[in-house]
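# Structural overview
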Amino acid sequence: MSSAPSEITSASTTFDIAAIRRDFPLLDRSVNGKPLVYADNAATTQKPNVVIERIKRYYEYENSNIHRGVHTLSEDATEAYEIARSCVKQFLNAAHESEVIFTSGTTESINLVAQSYARTNLVAGDEILVSELEHHANIVPWQMVCQQTGAILKVAPINDAGEIILEAFAELLSARTRIVAVGHISNALGTVNPVERIIELAHEVGAVVLIDGAQASIHTPMDVQALDCDFYAFSGHKALGPTGVGVLYGRASLLEAMPPWQGGGDMIKVVTFEHTEYNTLPYKFEAGTPNIAGGLGLAAALEYFMALDITAVMAHEHALLNCAIARAASIPQLQLVGTAADKAAVVSFNIEGVHPHDLGTLLDQQGIAIRTGHHCAMPVMSRLGLSGTARASFALYNTEDEVHAVFDAIEKVLPMLLD
Ligand code: PMP
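Since the model is a prediction, treat every value here as computed from it, not as a measurement.

Looking only at helices and strands, the chain features 14 helices and 19 strands. In terms of C-alpha radius of gyration, the chain reaches 22 Å, essentially the compact-globule figure of 22 Å for 419 residues. Within the chain, buried positions represent 56% of all 419 residues. Within the chain, residue pairs in contact and separated by at least 24 positions form 71% of the contacts whose partners lie at least 6 positions apart. If you sum the accessible surface of the chain, you get close to 17,100 Å²; carbon and sulfur atoms cover 52% of it. Of the side-chain charges in the chain, 26 are positive and 48 negative, and the distance between the mean point of each set is 4 Å.

Laid out in structure tokens, this is it:
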């Protein structure tokens, strides 16, 4: 069934999968004596050489603290960091650089909005609406702010396919809804949510909308202005970049009115014991020395991604998804979990009578990396009556050969597991 890594041709250009794979050195290694098949991209993606080199160059040649020094190194590092911000602005199609706040990742971005926007604007009885599909990072910060303010967390249900039921979502919206926070793409099931419609509906009742884009950043076209969202969060490490860096996009008018959430260096203009004047955007939200190398590495990752033909990337990932679904369907004991009409290349499944961890361990012995468990989305699992799933998740550098390798290996270990 397997075929050699192929070239996928899109309308405008060629997507050369072999050349792309050469850019990711880790893909070349073996695990447990077998060539690695990396199918855990929803947890984190691998990094291209340009990212690794960018971080190395910073520490070898440019390392210096930013925004404070008058010496050349510091000025150069500051300039590079601000160029990285412009690169993120371009990637998101934000209107202004000042709307791009560097954080440590999606989790911190959401906590920032919860603690700065929600904590100061919400009162007892106000409502925050999330969905049953959310990652814990888009649930717990809202629960915490509900405890602090007396606001109420409402949850939009999903159907058995793992799709948000839009009618039920719309019914939960009211003048009390102050914040809607939903994922762009579900990490647990791969569902692509109709975020454009969700944002429209939320705005009709005057709610602000945060989109958790952790799983979407490099798996769907990105344009925060076209989306018209108020906040958008994503993590560098799921977007070919380093860990420990991420982004909060916020609409300038909202960010301007929000208080800082952490105090310290860089987020101030003047400090006296009597009065402190805060810095302008985006620095107001960037207290302390940031992850400078991480920001530069993230920009290198996004530049790498933006240089590709995004339409071809999406078509390639879709082909991987279709291939995985077809192979899954041919294993009678395998039940797919999450069968949304609009899905990213994330395939969650269970095999009757087999614990997902046992499957994951046996696949690892074959050099295949998948994830097993609740995927930090325990409410989705309990909604579907499961304690967890096995999940294979693919990215632009995966091949159809690798999808086949995952399912060939499942077929191979199944008799052992069912014994
Ligand atoms: N939201 C979603 C949908 C995710 O998949 C993840 C990471 N698994 C997060 C939020 C949290 O991202 P991070 O751990 O990088 O902050």
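A few words now on the sheet that holds strand β18 (residues 371-373). Strands sit in the order β15-β16-β19-β18 across an open sheet of four strands; the sheet is antiparallel. Each end of this open sheet is capped by a strand with a single partner; those strands are β15 (334-337) and β18. Across the sheet, the mean angle separating the axes of adjacent strands is 30 degrees when strand polarity is ignored.

So, on to the domain arrangement of the chain. As far as domains go, the chain holds domain 1 (7-41 + 309-418) and domain 2 (52-306). Each of domain 1 and domain 2 has a C-alpha centre, and the two are 28 Å apart. Each partner contributes to the interface: domain 1 provides 33 residues, whereas domain 2 provides 27 residues. Regarding the contact of domain 1 and domain 2, the summed buried area is about 2,500 Å², with carbon and sulfur atoms giving 61% of it. The interface formed by domain 1 and domain 2 includes two salt bridges. Between Glu-132 and Arg-383 there is a salt bridge, with the nearest N and O atoms lying 3.7 Å from each other. Counting across the domain 1 and domain 2 interface gives 16 residue pairs in polar contact (both at pLDDT 80 or more). Secondary-structure elements contributing two or more residues to the side of domain 1 that touches domain 2 are α11 (310-329), β16 (346-351) and α13 (378-383). Broken down by element, the side of domain 1 that touches domain 2 gets its largest block of residues, five residues, from α13. Residue classes in the side of domain 1 that touches domain 2 are distributed as 22 nonpolar, five polar and six charged.

Here we take up α11. Relative to the 28 Å expected for 20 residues at 1.5 Å per residue, α11 spans 29 Å between its end C-alpha atoms, a close match to the ideal helical length. Every buried residue of α11 is accounted for by Ala-312, Val-313, Met-314, His-316, Glu-317, Leu-320, Leu-321, Cys-323, Ala-324, Arg-327 and Ala-328. A side-chain oxygen of the first residue of α11 lies 3.0 Å from the backbone nitrogen of Thr-311; this N-cap is Asp-309.

Pairing within the open sheet is mixed, and its seven strands lie in the order β6-β12-β11-β10-β9-β7-β8. Both outer strands of the open sheet, β6 (100-103) and β8 (152-156), are each paired with one neighbouring strand and no more. Sheet twist, expressed as the average angle between the axes of neighbouring strands with direction ignored, equals 20 degrees. Relative to strand β10 (residues 208-212), strand β9 (residues 177-183) runs parallel, the two being bridged by five bridges. Residue pairing in the sheet places Gly-183 in a bridge with Asp-212 of β10. Sheet strands in contact with helix α3 (residues 72-92) are β6, β11 (231-235) and β12 (246-250), and its direction is about 115 degrees off that of β6.

Relative to strand β14 (residues 276-278), strand β13 (residues 268-271) runs antiparallel, the two being bridged by three bridges. Within β14, the position partnered with Val-271 by the bridge is Thr-276. Taking the residues between adjacent antiparallel strands as the criterion, β13 and β14 are bridged by four residues.

Residues in contact with the ligand, as listed here, are Thr-106, Thr-107, His-135, Ala-137, Asn-187, Asp-212, Ala-214, Gln-215, Ser-235, His-237 and Lys-238. At a separation of 3.2 Å, a nitrogen atom of the ligand approaches a polar side-chain atom of His-135. Asp-212 has a polar side-chain atom sitting 2.5 Å from a nitrogen atom of the ligand. Computed on the free molecule, the ligand has an accessible area of 390 Å², of which 83% lies beneath the protein chains in the complex. Class assignment for the residues of the shell around the ligand results in two nonpolar, seven polar and two charged.

Let us now look at the nonpolar core. In this structure, Leu-92, Val-180 and Tyr-232 are the most contacted members of the largest nonpolar core, which totals 78 residues. Ranked by the residues each element gives to this core, the list is headed by helix α10 (residues 292-306), at ten residues. The two domains that each donate at least three residues to this core are domain 1 (7-41 + 309-418) and domain 2 (52-306). Apart from the residues lying within four places of it in its own chain, the contact partners of Tyr-232 are Leu-92, His-184, Ile-211, Gly-213, Ala-216, Met-222, Val-224, Leu-227, Val-247, Leu-248 and Tyr-249. Val-37, Cys-323, Val-347 and Leu-417 belong to the second-largest nonpolar core, a separate cluster that totals 30 residues.

What follows concerns the packing of helix α2 (residues 49-62) against α10. Where α2 meets α10, the axes come as close as 8 Å, and the angle between the chain directions of the two elements is 145 degrees. In the crossing of α2 with α10, the sense of the turn from one axis to the other is right-handed. Contact residues: α2 offers Val-50, Val-51, Arg-54, Ile-55, Tyr-58, Tyr-59 and Glu-62, while α10 offers Ile-292, Ala-293, Leu-296, Gly-297, Ala-300, Ala-301 and Tyr-304. For the contact of α2 with α10, the class distribution of residues is eleven nonpolar, one polar and two charged.

Basis of the calculations
- Residue positions are counted from 1 within each chain, in the order its sequence is given.
- In view of the model being predicted, local features appear only for residues whose pLDDT reaches at least 70, and side-chain atom pairs are presented and counted only at 80 or more, with totals across whole chains, interfaces and linings using the full set of residues.
- Note that water and hydrogens are dropped before the side-chain values are worked out from all heavy atoms of the structure.
- Secondary structure counts use DSSP, requiring at least four H or I residues in a row for a helix and at least two E residues in a row for a strand, with both numbered from the N terminus.
- The globule rule is 2.2 Å times the number of residues to the power 0.38, and the radius of gyration it is compared with is taken over C-alpha atoms.
- Think of it in three bands: with a 1.4 Å probe and only protein chains considered, a residue is buried below 20% of the maximum accessible area for its type, exposed above 50%, and partly exposed in between.
- Residue contacts are counted whenever heavy atoms from the two residues lie within 4.5 Å of one another.
- Only the protein chains shown count as cover for residues, and all accessible areas are computed by the Shrake-Rupley method using a 1.4 Å probe.
- Charge counting follows a simple rule: Lys and Arg are positive, Asp and Glu are negative, and His as well as the terminal groups are ignored.
- Charged groups are reduced to one reference atom each: NZ for lysine, CZ for arginine, CG for aspartic acid, CD for glutamic acid.
- Strands are treated as partners if at least two bridges between them are detected by DSSP.
- For every element, the axis is a line fit to its C-alpha atoms; helices are fit only across the contacting stretch, and the angle between N-to-C directions ranges from 0 to 180 degrees.
- For every domain, the bounds stem from an assignment made automatically or drawn from a database.
- In short, buried area is how much 1.4 Å probe accessible area vanishes from two parts on joining, totalled over both.
- When a carboxyl oxygen of Asp or Glu is within 4 Å of a side-chain nitrogen of Lys or Arg, the pair counts as a salt bridge.
- Polar contact is the term for a pair of N or O atoms within 3.5 Å; when the atoms are in protein, one must be able to donate a hydrogen and the other to accept it, and sequence-neighboring residues count only if both atoms are side-chain atoms.
- As a working rule, the residues Ala, Val, Leu, Ile, Met, Phe, Trp, Tyr, Cys and Pro are called nonpolar, Asp, Glu, Lys and Arg charged, and the rest polar, with Gly in that last group.
- Helix span is expected to be 1.5 Å times the residue number reduced by one.
- Any residue with a heavy atom lying within 4 Å of a molecule or strand is counted as near it.
- Buried residues of nine kinds, namely Ala, Val, Leu, Ile, Met, Phe, Trp, Tyr and Cys, make up a nonpolar core once their side-chain atoms join them within 4.5 Å.
- Note: crossing handedness is left-handed where the near helix turns anticlockwise from the far helix by less than a right angle, and right-handed where it turns clockwise.

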